[in-house]
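# Coordinate inspection notes
This is what each chain is made of:
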Amino acid sequence: MYIVGDIHGQFDRLVELLQAKELLTPDLSWAGGEAELLFIGDFVDRGTDGLRAVELAMRLEREAASAGGRVMSLVGNHELLMVAAYKFPAYQDEFGETMLESWQRNGGEPRDLVSLEPRHIDWFQSLPAMHLERQTLFLHADAELYLDYGQTVEEVNASFRRILGDAGPDELNKLLEAFSEHGGFEAGGRKLARRYLQRFGGRRLVHGHTPVDKFSLLKPEQVREARSYHGGLCINVDGGLYRGGPGFVFELS
Ligand SMILES: [Mn+2]
């Protein structure tokens, strides 16, 4: 099973990485056959081609399914943030910042917002926030917040679906603020990782959200593989593409 971390608008890099693993043809069709590929979320913002990456993931999902393979994606906080900016641009948080300003401050790409359509939002809403498979718990962020949204993977996913659906801006804003936590499983966060696995199942966690270089001695451009820590309990797949990382496709054994 292949895992791709945070893309953040780096469409060309994404294409190169998938082609290098022979998951994508030169004309950008699914070449993976029965292979399985999971995107960890944060397709958009901080780079110019986020929505193109979204479009690609949406199409590959269909193409892989008809080839007997599987492509799936988790929803990341930047998808939530872009939807918030689209649905509630003038909503102000307690500091007087609007959703639109917050999205811009966090690397929002105007071209993406202009091109965003209800079908994209419907797709984001269809995505799970967490996924359990092969004794592995996949989630976008290394943060505590998921624990507040359900006792099971299904409950957490239902909460996110509701918040992206008919919930108001207050709930969306609260969820977005909780995503400002990074590195929650690092160092003393081993306990938090164990708590996740106890509640939701699995023997290890795979996450993105925090570029690998932030918790290693590597510079962004030196990050060429996932960061496994706490003896393999946690695996960070965020290659920090928007920070100049070459990126990688992680193969889960
Ligand atoms: Mn993120």
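Heads up: the structure comes first, above all this text.
Residues numbered from 1 in each chain as written. Predicted model: local features only at pLDDT ≥ 70, side-chain atom pairs only at ≥ 80, totals over all residues. Heavy atoms only, no water.

### Side note on the pairing of strand E5 (residues 136–139)
Alternating residues of E5 divide into Thr136 and Phe138 and Leu137 and Leu139, and every residue in both groups is buried. As paired elements, strand E4 (residues 130–133) and E5 share four bridges and run antiparallel to each other. Across the sheet, the residue bridging to Met130 is Leu139, located in E5. Linkage of E4 to E5, two consecutive antiparallel strands, is achieved through a turn of two residues, within which Arg134 is found at a positive phi near 50°. (Buried < 20%, exposed > 50% of the residue type's maximum accessible area, 1.4 Å probe, protein only. Helix = DSSP H or I, 4+ residues; strand = E, 2+ residues; numbered from the N terminus. Pairing = 2+ DSSP bridges.)

### Some thoughts on helix H7 (residues 153–164)
Taking 1.5 Å as the rise per residue, H7 with twelve residues should run 16 Å; its terminal C-alpha atoms sit 17 Å apart, in good agreement. Of all the residues in H7, the buried ones are Val153, Val156, Asn157, Ser159, Phe160, Ile163 and Leu164. For H7, the buried positions fall inside an angular range of 155° around the axis, keeping them on one side. The elements touched by buried residues of H7 are helix H3 (77–87), helix H6 (118–126), E4, E5, helix H8 (169–178) and helix H9 (190–200). (Expected span 1.5 Å × (residues − 1). Arc of directions from axis to C-beta. Contact = heavy atoms within 4.5 Å.)

### Observations regarding the coordination of the manganese ion
Within the protein, Asp42 (OD), Asn77 (OD1), His140 (NE2) and His209 (ND1) serve as the donor atoms for the manganese ion, at 2.1 to 2.2 Å. Between consecutive donor residues of the manganese ion, the sequence gaps follow D-x34-N-x62-H-x68-H. One end of the pair, His140, is in the loop between E5 and H7; the other, His209, is in the loop between strand E6 (204–207) and strand E7 (227–229), with 69 residues separating them in the sequence. Assigned by exposure class, His140 and His209 land together as buried. (Donors = N, O, S within 2.8 Å, 3.2 Å for Na, K, Ca; no water.)

### Focus on the pattern of salt bridges
Side chains bearing opposite charge may pair, as long as their charged atoms lie close to each other. Taken as a whole and assessed by the stated rule, the structure comprises 14 salt bridges. Close ionic contact of Arg111 with Asp49 constitutes a salt bridge, the shortest N to O distance being 2.8 Å. Residue Arg111 is located in helix H5 (residues 110–115), and its partner Asp49 is located in the loop between strand E2 (36–39) and helix H2 (50–66); the two are separated by 62 residues in the primary sequence. Connected via shared salt-bridge partners are Glu36, Arg70, Glu133 and Arg134. (Salt bridge = Lys/Arg side-chain N within 4 Å of Asp/Glu carboxyl O.)

### Observations concerning H3
Buried residues dominate H3, accounting for nine of its eleven residues. Turning to H3, its buried residues number three or more, namely Asn77, His78, Glu79, Leu80, Leu81, Met82, Val83, Ala84 and Ala85. Looking at the buried side of H3, the elements it contacts are H2, helix H4 (99–105), H5, H6, H7 and H8.

### Observations concerning the sheet that holds strand E8 (residues 234–236)
The strand order across the open sheet formed by five strands is E4-E5-E6-E8-E7, and the pairing between neighbours is mixed. Of all the strands in the sheet, the pair left with one neighbour each is E4 and E7. Along the sheet, successive strands turn relative to each other by an average axial angle of 20°, direction set aside. Note that E6 and E8 share three bridges and pair parallel. Within E8, the position partnered with Leu205 by the bridge is Cys234. Across the face of the sheet, H7 comes into contact with E4 and E5 while running at roughly 155° to E4. (Axes fitted to C-alpha atoms, helices over the stretch in contact; angles between N-to-C directions.)

### What about the sheet that holds strand E3 (residues 70–73)?
Spatial ordering of the open sheet is given by E3-E2-E1-E9, a layout of four strands whose pairing is mixed. Two strands bound the open sheet, and with one partner strand each, they are E3 and strand E9 (250–251). Relative to E9, strand E1 (residues 2–4) runs antiparallel, the two being bridged by two bridges. Bridge pairing links Ile3 to Phe250 in E9. Lying over the sheet, H2 contacts E2 and E3, oriented at roughly 150° with respect to E3.

### Re the side chain of Asp45
Within the element layout of this structure, Asp45 appears in the loop between E2 and H2. Among buried charged residues, Asp45 stands out as having no salt bridge; its nearest opposite-charge side chain is Arg46, 7.0 Å away. One polar contact links Asp45 to Trp103, side chain to side chain, over a distance of 3.0 Å. (Lys, Arg positive; Asp, Glu negative; His and termini not counted. Polar contact = N/O pair within 3.5 Å; in protein donor to acceptor, adjacent residues only side chain to side chain.)

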